[in-house]
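Structural features, examined
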There are 2 protein chains.
Amino acid sequence: MSTTISNTIETLLKNKRYSSLRDVLSTMNEADIAALFAEIKEDSLPLLFRLLPKDLAADTFALMDTDGQELLIRGFSDNEIKEVFDELYVDDAADIVEEMPANVVKRILKNTDPEMRQMINEILKYPEDSAGSLMTTDYISLRPKMTVSDAIKRIRRTINDAETIYTCYITDDNRKLLGYLSVKNLLLAGPEEKICDIMDTTIICVHTLADKEDVAKDMNKYDFVTMPVVDDEGRLVGIVTFDDAIDVMQDEATEDIERMAAISPTEESYFKTSDFNHARNRILWLLILMLSAAITGGILTKYEDACSAIPLLVSFIPMLMSTGGNCGSQSSTMIIRGMSVDEIKLKDFFKVVFTELRISLIISVTLAVVNGIRIWIMEGDLKIAVVVSVSIIFIVIISQFIGCTLPMLAKRCRLDPAVMAAPLITTIVDAASILVYFSIATRFFNI
Amino acid sequence: MSTTISNTIETLLKNKRYSSLRDVLSTMNEADIAALFAEIKEDSLPLLFRLLPKDLAADTFALMDTDGQELLIRGFSDNEIKEVFDELYVDDAADIVEEMPANVVKRILKNTDPEMRQMINEILKYPEDSAGSLMTTDYISLRPKMTVSDAIKRIRRTINDAETIYTCYITDDNRKLLGYLSVKNLLLAGPEEKICDIMDTTIICVHTLADKEDVAKDMNKYDFVTMPVVDDEGRLVGIVTFDDAIDVMQDEATEDIERMAAISPTEESYFKTSDFNHARNRILWLLILMLSAAITGGILTKYEDACSAIPLLVSFIPMLMSTGGNCGSQSSTMIIRGMSVDEIKLKDFFKVVFTELRISLIISVTLAVVNGIRIWIMEGDLKIAVVVSVSIIFIVIISQFIGCTLPMLAKRCRLDPAVMAAPLITTIVDAASILVYFSIATRFFNI
């Protein structure tokens, strides 16, 4: 569907059918228009943007990528900047300001109204990963003594176009958070009821400096559409909305996945990252792992004599290393993901180790039997088959042990468990596998 | 904080201070109570649950784990079942019914009111991963001809305790979806305005059979708190709420991560899965990868003569295999994650291949230089250093090419790209690395 509309728009644009273009754009959702804007030619962007109705323009602007936003702002008159920014949610405006170069920021702040400017600055002063930087200061606050009909009047009077209401927050004269009230309960209450009698006082909130990942987790745990953010004195300073929490959770999952593949995570998307930055994000770990693998190579040279005595031994090295590596990375992946969704906690250490031990017994024996039979049949050498199978049993057990303990130890040392993922585990397990294999083989064959 | 409260509750329970217990529990949030219930001894669960106020009891029940729910239901009187289930959201009730054994389901359906029973059955008839199975049939529907004050009256009359309103949906007499209206716009409108004049008719909805992952993605894209679900005739049959969408996104990320570590994904949590099932989820891929690695071993035996001629060659095998494997898995991880968050599309195939090619040039030369110098210094053998470094250049380029193309080819063949993740890529790349290394070495040394 999206493709058809973008073709239509390109054709209308080429034929200069601006009034039809405006009509077509007005039927579209802002997220779809933003996606369309990312695909069309840059020079038609300002024209198309100016065809949008005012409120749709601001909503679309908030969803565009940084490059497109900058392009538009550079072409905007001061008045256009004011029009767009006054319609934005404060948190979106702050996000945009954060991404723009200094001269653009100056023009934006000069042309927004003082209240908006102050709110943007308020949000920008918080550290990058904090609840404060994620929140919006657009929220509805009510006083406990108000009646329901006062409250509705206040909402009608103070709410602006940009805001959406899910939950109203009740504060005292010092902005201290006292309770909350869902819009549903507001609608259900009689007009003369007092807010303090119908509000919910079980307050769950986060501090401005709370880690944004924890905020998102809490919102998911409590199924909150908005989470109130308070300062040291318990004063309400903003709310985090569910859409930002979802983005944080997605970004965290991406970060975990990248770290688990030995890539330094970035906030940029794949195509926005330069080749040089892509290379830099990957090369550090590659170097570390490459040099560590050289240690495994060193161990291997110690067993040169064994390799020359029974050359067939060498051919099982890739299989043993790969099996050990895969078992270790399976275990570490289960534990890392379990910890990041809070299913596995540090206090479960021994429970996890014993679980993995039991699993490794089942897996190791199965793999040993299958592989032993295969080698016996294909190579016709029962002794080699036994040595390789016994090695597999030890390698699988050791690998799973390393795979499950290292991420938990990393967490214990306040490191991100995801650094103990597949690549590092594999390198450690590789060395262990070679040692185990040749210790068993040299003893068995007396070489 | 959570820990302190759980200690308090245990002590109160031991001292039989039931009225204080009820007071303490009433101050808590349902998600925290459910977390507490998962930790306390099973035999005190029914008692504690019965101390909860009625609406908090239902909310808590919905958030408990399946084992706890089953335990409670088995101890419930028919009347208690009715009380709890009548308070639940329909989608939660359907989820619970889906997880229970047949005899418990029978008791539940017998004791819920006919309307609820019908709605549960409605949801259960949809396939497991569809929008229909995820939706709730608790939603507010209005008619276009209503005035705002009629609408508010209707909402007050029809809304039940369980429901929350974010967006009202407007349908005609045949339940066909005509538009929507946010609660905010309902509050802002004058009492005599007609719904059809203030509703938004830009309808974005999903089909009952849409994949739940796509539904979650759309809700994230459009920042929707609820997504309407329609049938073949465009009739509104339910809505998906943001909390379920977040859970779907988290589960999908977990599934991706597990698949990328060669584990068959399950819906169960780590500790709820039996050892046997854990082993089964991991063993299939381990067997496949183990047998594939045997091929690499086979290739290695072809170069037995070269190994005997220059034994030092063997010691670089782990390093070359590990570097190739890591480069391949870095590329595949970037591409798989990029595709799963829709940043990379199939039509970007050549763009991706060329990007990875440029990145691989930077990486390969860097690694080759570092490694060449290290070998030259440590082994004092310039020829070996050159052979290994040239091999690294080819291995890195080939690995990244394999790593970026296979996931996209998998997607092209309608497979999950995540199956082409690290473990499989590594196995393929291992064989390629050995081939490249020994081809270069045998040619260079003429052996």
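Before any of the text, the structure's been laid out above.
Presented here is an overview of the structure given in this document. Please read these numbers as outputs of a predicted model, since none were measured by experiment.

Cut-offs applied
- Residues numbered from 1 in each chain as written.
- Chains lettered and ligands numbered in written order.
- Predicted model: local features only at pLDDT ≥ 70, side-chain atom pairs only at ≥ 80, totals over all residues.
- Helix = DSSP H or I, 4+ residues; strand = E, 2+ residues; numbered from the N terminus.
- Rg over C-alpha atoms; globule rule 2.2 N^0.38 Å.
- Buried ≥ 20, exposed ≤ 12 C-beta atoms within 10 Å, placed from the backbone.
- Contact = placed C-beta atoms within 7 Å.
- Least-squares fit on C-alpha atoms with pLDDT ≥ 70 in both.
- Axes fitted to C-alpha atoms, helices over the stretch in contact; angles between N-to-C directions.
- Parallel < 35°, antiparallel > 145°, perpendicular 65-115°, else oblique.
- Nonpolar A, V, L, I, M, F, W, Y, C, P; charged D, E, K, R; others polar.
- Pairing = 2+ DSSP bridges.
- Core = buried A, V, L, I, M, F, W, Y, C linked by C-beta atoms within 7 Å.

With that settled, the discussion passes to the overall build of chain A. What chain A contains, in helices and strands, is 22 helices and six strands. The C-alpha atoms of chain A give a radius of gyration of 30 Å, which is well past the 22 Å a tight globule of 447 residues would have. Once the C-alpha set of chain A is aligned to its principal axes, its extents read approximately 90 × 60 × 40 Å. For chain A, the residues scored as buried account for 46% of the 447 residues in total. Partitioning the contacts of chain A with sequence separation of at least 6, the portion at a separation of at least 24 is 70%.

For the pair chain A and chain B, the relating rotation is 180°, the translation along its axis is 0.0 Å, and the fit reaches an RMSD of 0.1 Å. In symmetry terms, the pair is related by a two-fold rotation axis. Of the interface residues in chain A, 100% have counterparts in chain B that sit at the interface too, so the contact is made through matching surfaces.

Another aspect to go through is the packing of helix 17 (residues 275–302) of chain B against helix 23 (residues 422–445) of chain B. Residue and element names in this part refer to chain B. Remark: helix 17 packs on helix 23, axes separated minimally by 9 Å, with the N-to-C direction vectors making an angle of 5°. Between helix 17 and helix 23, the angle falls in the class roughly parallel. Contacts between helix 17 and helix 23 involve Trp285, Leu289, Ser292, Ala293, Ile295, Thr296, Ile299 and Leu300 from the former and Pro423, Thr427, Asp430, Ala431, Ile434 and Leu435 from the latter. Residue classes in the contact of helix 17 with helix 23 are distributed as 10 nonpolar, three polar and one charged.

Time to look at the interface of chain A and chain B. Taken together, the contact pairs 90 residues of chain A with 90 residues of chain B. Residues of the side of chain A that touches chain B, tallied by class, amount to 49 nonpolar, 28 polar and 13 charged.

With that settled, the discussion passes to the sheet that holds strand 5 (residues 226–230) of chain A. Residues and elements named next belong to chain A. Spatially, the three strands line up as an open sheet ordered 4-5-6, and their pairing is mixed. Each edge of the open sheet carries a strand with a single partner, namely strand 4 (206–207) and strand 6 (236–241). Judged from the five bridges that link them, strand 5 and strand 6 form a sheet pairing that is antiparallel. Counted as the bridge partner of Pro228 is Ile239 from strand 6. Each of strand 4, strand 5 and strand 6 is contacted by helix 15 (residues 212–222), which is oriented at about 135° to strand 5, the strand it contacts most. Across the sheet, helix 16 (residues 242–260) is in contact with strand 5 and strand 6; its angle to strand 6 comes to roughly 65°.

Burial of nonpolar side chains together is a common tendency in soluble globular proteins. Judged by nonpolar contacts, the single largest core of 266 residues is most densely connected at Val215 and Val240 of chain A together with Val215 and Val240 of chain B. In contact with Val215 of chain B, other than residues within four places in its own chain, are Ala131, Leu134, Val206, Ala210, Met227, Val240 and Ala245 of chain B.

Looking at where Met408 of chain B falls in the secondary structure, it is placed in helix 22 (residues 382–412). On a C-alpha basis, the gap between Met408 of chain B and Ile336 of chain B in space is 8.0 Å, while along the polypeptide they are 72 residues apart.

Position of Glu233 of chain B relative to the elements: it lies in the loop between strand 5 (226–230) and strand 6 (236–241). The spatial distance from the C-alpha of Glu233 of chain B to the C-alpha of Asn174 of chain B is 9.7 Å, given a sequence separation of 59 residues.

So, on to helix 8 (residues 90–99) of chain B. All names here are of chain B. Helix 8 sits mainly inside the fold: seven of its 10 residues count as buried. Those residues of helix 8 lying buried are Val90, Asp91, Asp92, Ala93, Ala94, Asp95 and Ile96. Buried-residue contacts for helix 8 involve helix 5 (54–63), helix 6 (66–75), helix 7 (78–87), helix 10 (114–124), helix 11 (131–134) and helix 16 (242–260).

Let us now look at the sheet that holds strand 5 of chain B. Residues and elements named next belong to chain B. A sheet is described by the order of its strands in space; here three strands give the open sequence 4-5-6, paired in mixed fashion. Lying at the two open borders of the sheet, with one neighbouring strand each, are strand 4 (206–207) and strand 6. The pairing of strand 4 with strand 5 spans two bridges and is classified as parallel. Its bridge partner lying in strand 5, Val206 is registered against Val229. Sheet strands touched by helix 15 (residues 212–222): strand 4, strand 5 and strand 6. Its angle to strand 5, the strand with the most contacts, is close to 135°.

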